Amino acid sequence: MDAVKETVNNIILNPQYADYLALVKAARNGAVYGAKVRFPHALVMVFLFRSDPVREKLHLIYKATRTHARNLASFAVVYKFSMICLRRTSPTGKERSFDTFLAGLIGGYTVFGRGIQSSVNQQIVIYVFARVMLALAKLTVQRKSQGGVGMGRELREKVEGNAWPVFASLSWAAVMWIFRWYPATIQPSLRSSMQYIYVDSDYWDNFKNFLVYNK
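First, a word on what this report is: a plain description of the structure on this page. This one's a predicted model, so the numbers in the text were calculated from it and none came from an experiment.

## Quick notes on the overall build of the chain
Thinking step 1. Along the chain, the regular secondary structure elements total 8 helices and 0 strands.
Thinking step 2. Computed over its C-alpha atoms, the radius of gyration of the chain comes to 23 Å, more than 25% above the 17 Å expected for a compact globule of 215 residues.
Thinking step 3. Along the longest, intermediate and shortest principal axes, the C-alpha atoms of the chain span 70 × 60 × 35 Å.
Thinking step 4. Expressed as a percentage of its 215 residues, the buried residues of the chain come to 21%.

Written out as structure tokens, the structure is:
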């Protein structure tokens, strides 16, 4: 047994195999993280907003968790493999500034951009998009020395003081308007939660379905 452990350690610590082993580790980490993030979310959303039999609820939880884990693992592998290929085709043999963008583009299209999109895929992409927008907003107010665009101090202070209130207010204004007039366009789990909070709260006919339960 000790000899086997030593052989395995020698392999995984060998720099010659580092790139390939990084793909395995990326797949493992993507799958684990996806499962850890999606399982509790799916558990709460399914049992809170679905009226299916318990067996069907468990299947939905498993399906959502599997999809999230698989897609994050797949993206991690495609992204890391693309980075390896781009680096090896570089004249200097080193990573270039645009390599991460190209690798992300390849991974995003391969895993999330093709075919019929599931609600899980849409949630992941929308989450990433929102974080990108916030990051870009921060870049606009950073000094040039920090990698930003270097706007003037007075303008930067005004933007810093008002950007988040404007962003938060417009986001909620937009989603409430869309939910009121075009609810079918909203992602299903968000639509269910909004239906529960803002529509179902208008209806009751006794004390039990007023405070004890929803319907």
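## Here's the deal with the packing of helix 3 (residues 54-89) against helix 4 (residues 99-113)
Thinking step 1. Look at helix 3 against helix 4: their axes get within 8 Å of each other, and the N-to-C directions meet at 145 degrees. The way helix 3 lies across helix 4 gives a crossing that is right-handed. Residues Asn-71, Leu-72, Ser-74, Phe-75, Val-78, Tyr-79, Ser-82, Met-83, Leu-86 and Arg-87 of helix 3 form the contact with helix 4, whose own contacting residues are Asp-99, Thr-100, Leu-102, Ala-103, Gly-104, Ile-106, Gly-107, Gly-108, Thr-110, Val-111 and Phe-112.
Thinking step 2. Residue classes in the contact of helix 3 with helix 4 are distributed as 11 nonpolar, 8 polar and 2 charged.

## Description of helix 2 (residues 18-49)
Thinking step 1. Taking 1.5 Å as the rise per residue, helix 2 with 32 residues should run 46 Å; its terminal C-alpha atoms sit 45 Å apart, in good agreement.
Thinking step 2. At Arg-38, helix 2 shows its maximal bend, which comes to roughly 25 degrees, and the proline Pro-40 appears one to four places after that position.
Thinking step 3. All buried positions along helix 2 are accounted for by Leu-23, Ala-26, Gly-30, Gly-34, Arg-38, Ala-42, Met-45 and Val-46.
Thinking step 4. The elements touched by buried residues of helix 2 are helix 3, helix 5 (119-141) and helix 7 (188-199).

## Here we look at the packing of aromatic side chains
Thinking step 1. In the structure shown here, the tally under the stated rule is 5 aromatic pairs.
Thinking step 2. Judged by centre distance (6.1 Å) and plane angle (45 degrees), the ring pair of Phe-75 and Phe-112 falls under tilted. With Phe-75 in helix 3 and Phe-112 in helix 4, this residue pair connects regions lying 37 residues apart in the sequence.
Thinking step 3. Looking at Phe-75, the relative accessible area reads 25%, which means it is partly exposed.
Thinking step 4. On the accessibility criterion, Phe-112 (11% relative accessible area) is buried.
Thinking step 5. Chaining the aromatic ring pairs together yields one cluster made of Phe-75, Tyr-79 and Phe-112.

## Regarding the environment of Val-199
Thinking step 1. As for its position among the elements, Val-199 is in helix 7.
Thinking step 2. Measuring from C-alpha to C-alpha, the distance between Val-199 and Arg-180 comes to 9.6 Å, with 19 residues separating the pair along the chain.
Thinking step 3. Not counting residues within four places of it along the chain, the set of residues in contact with Val-199 comprises Phe-179 and Met-194.

The rules behind the values
- Residues numbered from 1 in each chain as written.
- Predicted model: local features only at pLDDT ≥ 70, side-chain atom pairs only at ≥ 80, totals over all residues.
- Heavy atoms only, no water.
- Helix = DSSP H or I, 4+ residues; strand = E, 2+ residues; numbered from the N terminus.
- Rg over C-alpha atoms; globule rule 2.2 N^0.38 Å.
- Buried < 20%, exposed > 50% of the residue type's maximum accessible area, 1.4 Å probe, protein only.
- Axes fitted to C-alpha atoms, helices over the stretch in contact; angles between N-to-C directions.
- Left-handed = near helix turned anticlockwise from the far one by under 90°.
- Contact = heavy atoms within 4.5 Å.
- Nonpolar A, V, L, I, M, F, W, Y, C, P; charged D, E, K, R; others polar.
- Expected span 1.5 Å × (residues − 1).
- Bend = angle between axes of the 7 residues up to and from the residue.
- Phe/Tyr/Trp six-rings, centres within 6.5 Å; stacked < 30°, edge-to-face > 60°.

All quantities given are derived from atomic positions and should not be read as evidence of function.
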